[in-house]
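Analysis of the macromolecular model
Residue-level listing of the chains:
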Amino acid sequence: MDRHTATSHRPAPQGRQVDAFERKVRFGCGALLGLVVGLGLCVRLWPLSGLAMGAVVLLAIVACGACAVRWGDRFWARLRWLS
C-alpha cells in the first residue's frame with residue numbers, strides 16, 4: 001500500500017470545485033462556530049450595549065462562516081483550541 005493513500009490527512013485535489021450546497025453547509029457550520037465565539041466574546045467584554053453585542057456576534061458569524069467557505073477543512077484544522 002502506498003503511503004500517500006494510507007494517510008488520512010491528505011489535501012483535497014486542487015482542481016475540485018465546491019458546489020452551492022457544500023458552500024451553504026460550510027457557511028452554516030462556520031456560522032454556528034461564529035455564534036459560539038461571538039457569545040463568548042460578549043461574556044468576556046460584558047459591559048456592552050445591546051447594539052454592540054449584536055454587532056460582535058454578527059461580525060463573528062460572518063467572519064467564521066466566510067472563512068469556512070473560503071478555506072474549508074484547512075480552516076477547521078487550524079482551530080487547535082477546539083480539540
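In case you missed it, the structure is sitting above this.
Presented here is a report on the structure given in the accompanying data block. (Residues numbered from 1 in each chain as written. Predicted model: local features only at pLDDT ≥ 70, side-chain atom pairs only at ≥ 80, totals over all residues. Heavy atoms only, no water.)

On to the overall build of the chain. Per the secondary structure count, the chain includes four helices and zero strands. Along its sequence from the N terminus, the chain presents helices and strands in the succession α-α-α-α. Here the chain holds 83 residues, and the buried ones make up 18% of them. Accessible area for the chain stands at about 6800 Å²; split by element, carbon and sulfur atoms hold 66% of it. (Helix = DSSP H or I, 4+ residues; strand = E, 2+ residues; numbered from the N terminus. Buried < 20%, exposed > 50% of the residue type's maximum accessible area, 1.4 Å probe, protein only. Areas by Shrake-Rupley, 256 points an atom, 1.4 Å probe, with all protein chains shown as cover.)

Here we take up the packing of aromatic side chains. For the coordinates displayed, the defined rule picks out one aromatic pair. When the ring of Phe75 is compared with that of Trp76, the centres are 5.1 Å apart and the planes differ by 75 degrees; the resulting orientation is edge-to-face. (Phe/Tyr/Trp six-rings, centres within 6.5 Å; stacked < 30°, edge-to-face > 60°.)

An α-helix turns once per 3.6 residues; consequently, residues spaced three or four apart project the same way. In this model, helix 2 (residues 20-44) (25 residues) spans 35 Å end to end at C-alpha, consistent with the 36 Å of a helix rising 1.5 Å per residue. Buried within helix 2 we find Arg26, Gly30, Ala31, Leu33, Gly34, Gly38 and Cys42. The inward-facing, buried residues of helix 2 abut helix 3 (50-71) and helix 4 (73-77). (Expected span 1.5 Å × (residues − 1). Contact = heavy atoms within 4.5 Å.)

In this section: the environment of Arg23. With respect to the helices, strands and loops of the structure, Arg23 is situated in helix 2. Arg23 sits 47 residues away from Arg70 along the chain, and the two C-alpha atoms are 8.8 Å apart. Those residues in contact with Arg23 that sit more than four places away from it in its chain are Val18 and Val69.

Attention now goes to a nonpolar patch on the surface. A cluster of nonpolar side chains, namely Leu32, Leu35 and Leu39, defines an oily patch on the protein surface of about 270 Å² accessible area. For Leu39, the position within the fold is in helix 2. (Patch = residues over 30% accessible without salt bridge, like charges linked within 9 Å, V, L, I, M, F, W, Y side chains within 5 Å. Salt bridge = Lys/Arg side-chain N within 4 Å of Asp/Glu carboxyl O.)

For the rest of this paragraph, the subject is a positive patch on the surface. A cluster of basic residues, Arg70, Arg74, Arg78 and Arg80, forms a positive patch at the surface. Take Arg80: it is sitting in the segment after helix 4. (Lys, Arg positive; Asp, Glu negative; His and termini not counted. Charge placed at Lys NZ, Arg CZ, Asp CG, Glu CD.)

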